Amino acid sequence: MGKVVLVTGAARQLGGRFVRRVQRDPEVERVIAVDAAPPPHRLGSAEFVRMDIRQSSIARVLAEHAVDTVVHLAVTGSGAGPGGSGSAVKETNVIGTMQLLGACQKSPTVRRLVVKSSTSVYGGASRDPAVFTETTQPKSLPSGGFAKDAVEVEAYVRGFARRRPDVAVCVLRFANILGPYADSALAEYFSMRVMPTVLGYDPRLQFVHEDDVMDVLRLAAQEPRRGTLNSGTFNIAGDGVLLLSQCARRLGRPTVPLVLPAVTWVGSALRAVGVTDFSPEQIRLLTHGRVVETAQMRDVLGFKPMYTTAETFADFARSRGGGLLPPERMGRAVDRVAAVLNVDGLDVEGAGAGAVEAGEGAQR
């Protein structure tokens, strides 16, 4: 790994954790942590620089410290956290990335750039394919929110890669990140005592564990291992998928199916009172879902997640405590309904088995 690593977004939970993690690598001489607000958590021996990356002074930081590896984690979809309103976060995502890339382009020492992105760049529409690959073009480009920011960020990164072919550039498109310390809008949604859903839809979801995020960021920020390549764009997600209904049962939380206009209204009301960032982008995810192919992650990047999607969600569920409805009782109830209905082609029994499995996991 590069001897001097600069990490943006250090005041957020994910950025702070990576700053602490990367310091343990013996090849790393110094870690420079950058954010516009002081972090509420410890950063170990890293040198913290309070700076807004929307300002051109970020170039001075790269030059003063002779940074050779940049890990750009200040690309986020949540306005919550140290110092950030929604508009400021959007500006940091786009304008901040532009300033950072401009500074990297001028820096003679930068040799590696890692950028945190999201699978939300694929959008969410009824005509979407069942599985997205890294080269799949979305049927409908995101019209706003974090998804649109991520699309713009990736476009700027591709332009930088063309202008600086000597810099190894790695873009990691993460599925929904969950774990015991998750602080995303989706984590807030799953923490609600009663979960509103879209009537008539049961979307497929993928998750990636926080621990796997740390490991793949570290892998992307170092020299590639033999037989692998950590330059390019990669989908990052745990194996398997979960239906939203399965997630609700494993949390023990009841759902309230609403017609789509009502869900939109409820989402606006929840945002207004600050309960959760129930954005239009999240509503599209909870309507159509999103599943990505991860063959490139395994075959090219050489990364195998420790947690599957189901294991990631189970770890998250344990950190949130029990819901209103015990998962084991829900599992038995679904099994009884399946036995009564016994309708050919209705996958109620599979859902019941998933809920029983969740109940057993909760008891363990």
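Residues numbered from 1 in each chain as written. Predicted model: local features only at pLDDT ≥ 70, side-chain atom pairs only at ≥ 80, totals over all residues. Heavy atoms only, no water.

## Some remarks on the packing of helix H1 (residues 13-22) against helix H6 (residues 210-220)
Stated formally: To define axes, lines are fitted to C-alpha atoms, for helices over the stretch in contact only, and angles between the resulting N-to-C directions are given on a 0 to 180 degree scale. Secondary structure elements follow DSSP: runs of H or I of four or more residues count as helices, runs of E of two or more count as strands, with numbering from the N terminus. Here the word oblique covers every angle except those under 35 degrees (roughly parallel), over 145 (roughly antiparallel) and from 65 to 115 (roughly perpendicular). Here a crossing is called left-handed whenever its near helix is offset anticlockwise from the far helix by less than a right angle, and right-handed whenever the offset is clockwise. In this analysis, two residues are considered to be in contact whenever any of their non-hydrogen atoms come within 4.5 Å of each other. Residues are grouped as follows: nonpolar covers Ala, Val, Leu, Ile, Met, Phe, Trp, Tyr, Cys and Pro; charged covers Asp, Glu, Lys and Arg; every other residue, Gly included, is treated as polar.
One can describe the packing of H1 onto H6 by two numbers: an axis separation of 10 Å at closest approach and a directional angle of 55°. The angle between H1 and H6 places the two elements in the oblique class. For H1 against H6, the interelement crossing comes out right-handed. Along its contact with H1, which presents Gln13, Leu14, Arg17, Phe18 and Arg21, the element H6 presents Glu210, Asp211, Val213, Met214, Asp215, Leu217 and Arg218. A breakdown of the residues in the contact of H1 with H6 according to their chemical character gives five nonpolar, one polar and six charged.

## Quick look at the nonpolar core
What counts is decided by this rule: What we call a nonpolar core is a set of buried Ala, Val, Leu, Ile, Met, Phe, Trp, Tyr and Cys residues that are connected through their side-chain atoms within 4.5 Å. When a residue's accessible area, from a 1.4 Å probe over protein chains only, is under 20% of the maximum for its type it is buried; when over 50% it is exposed; and in between it is partly exposed.
Within the largest apolar cluster, 32 residues are counted, with the highest numbers of intra-cluster contacts made by Val71, Leu172, Phe174, Leu217 and Ile236. Per element, the largest residue contribution to this core is six residues, and it comes from H6. Sequence-distant contacts of Ile236, defined by excluding residues within four places in its chain, comprise Leu172, Arg173, Phe174, Ala175, Val208, Val216, Met297 and Leu301. In this structure, Leu62, Val75, Cys104 and Val115 belong to the second largest nonpolar core, which totals 28 residues.

## Considerations on unusual backbone geometry
Not every positive phi belongs to a glycine, and Ala66 is a case in point at roughly 50°. You can see Ala66 is positioned in the loop between helix H2 (58-65) and strand S4 (69-72). Exposure remark for Ala66: the relative accessible area of 36% places this residue in the partly exposed category.

## Comments concerning the sheet that holds strand S5 (residues 112-118)
Defined as follows: Think of it this way: DSSP has to see at least two bridges between two strands before they count as a pair.
Strand order in this open sheet of seven strands is S3-S2-S1-S4-S5-S6-S11, and the pairing throughout is parallel. Of all the strands in the sheet, the pair left with one neighbour each is strand S3 (47-50) and strand S11 (232-236). This sheet shows a mean twist of 20° between the axes of neighbouring strands, independent of strand direction. Bridge count for strand S1 (residues 4-8) against strand S2 (residues 30-35) is five bridges, and the pairing is parallel. By the bridge assignment for S2, Val7 is matched with Ala33. Strand contacts of H2: S1, S2, S3 and S4, with the helix running at about 170° to S2, the strand carrying the most contacts.

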